[in-house]
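# Structural overview for review
Letter by letter, the chains look like this.
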Amino acid sequence: MAGQETDPHSDVFLSHNSKDKPAVERIATKLRQIGLEPWLDKWHLAAGKSFQEGIESGLRAASACAVFFGPHGPGAWQKAELEVAQDRAVKDPDFRLFLVLLPGVPEPFDASTLPSFLNMRTWVDLRGGFEDPARFQALLNAIAGIPAGPTFPASLDPGVS
């Protein structure tokens, strides 16, 4: 857009309901601590500027979009962000769009409560907390576009090299 500042590249856009912001901000801080650059509205939107244009710019600058689904369900703006992210994912096969379940989402998870386009994607399950390195690694893999791989280390027969 003419006159619109562009955000520098980010590794992942963090789409979330504002009621779940405390958990998402803790996750964003952990991502920064390991050298990734998350796009979080609170960190990137400047006062007095159009937040809609800022969000659109943030989505364009990101390599992936994590759609956080917490105990409060999807937020109104989160639904609009998902529409933009889904459009980009269709046009750009390298753009990764995935769901992240936050602590407080009930077990078993009913995927039918999701918007249909998001329901068709795999997700990262952080319902047990994101302090566990294995659970957090699943989020890192999703951001990088790396398959999760086996949950348990493969054991080899001692006679096989």
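Rules and cut-offs
- Residues numbered from 1 in each chain as written.
- Predicted model: local features only at pLDDT ≥ 70, side-chain atom pairs only at ≥ 80, totals over all residues.
- Heavy atoms only, no water.
- Helix = DSSP H or I, 4+ residues; strand = E, 2+ residues; numbered from the N terminus.
- Buried < 20%, exposed > 50% of the residue type's maximum accessible area, 1.4 Å probe, protein only.
- Areas by Shrake-Rupley, 256 points an atom, 1.4 Å probe, with all protein chains shown as cover.
- Phe/Tyr/Trp six-rings, centres within 6.5 Å; stacked < 30°, edge-to-face > 60°.
- Lys NZ or Arg CZ within 6 Å of the ring centre and 35° of its normal.
- pLDDT = per-residue confidence, 0-100.
- Contact = heavy atoms within 4.5 Å.

Per the secondary structure count, the protein chain includes 6 helices and 5 strands. By residue count, 40% of the 161 residues in the protein chain fall in the buried class. When the accessible surface of the protein chain is split by element, carbon and sulfur atoms take 57% of a total near 9300 Å².

Turning to the packing of aromatic side chains, a few remarks are in order. What describes a pair of aromatic rings is the distance from one ring centre to the other and the angle between the planes of the rings. The full count for this structure, using the stated rule, is 1 aromatic pair. Ring plane angle 15° and centroid distance 4.7 Å describe the contact between Phe 13 and Trp 39, whose orientation is recorded as stacked. Note that Phe 13 is positioned in strand S1 (residues 12-15) and Trp 39 in strand S2 (residues 38-39), a separation of 26 residues in sequence. Trp 39 sits in the buried class, given a relative accessible area of 0%. Positioned above the aromatic ring of Phe 136 is the side chain of Lys 30, whose terminal nitrogen or guanidinium carbon lies 4.5 Å from the ring centre.

With that settled, consider the confidence of the model for the protein chain. Across the protein chain, the average pLDDT comes to 82, with 84% of residues at or above 70. At the level of individual helices and strands, the protein chain shows its lowest average pLDDT in helix H5 (residues 116-119), which scores 68, and its highest in helix H1 (residues 21-33), which scores 95. Counting contacts from residues 1-5, a segment whose pLDDT is below 50, to residues more than four positions away or on other chains yields 7 contacts.

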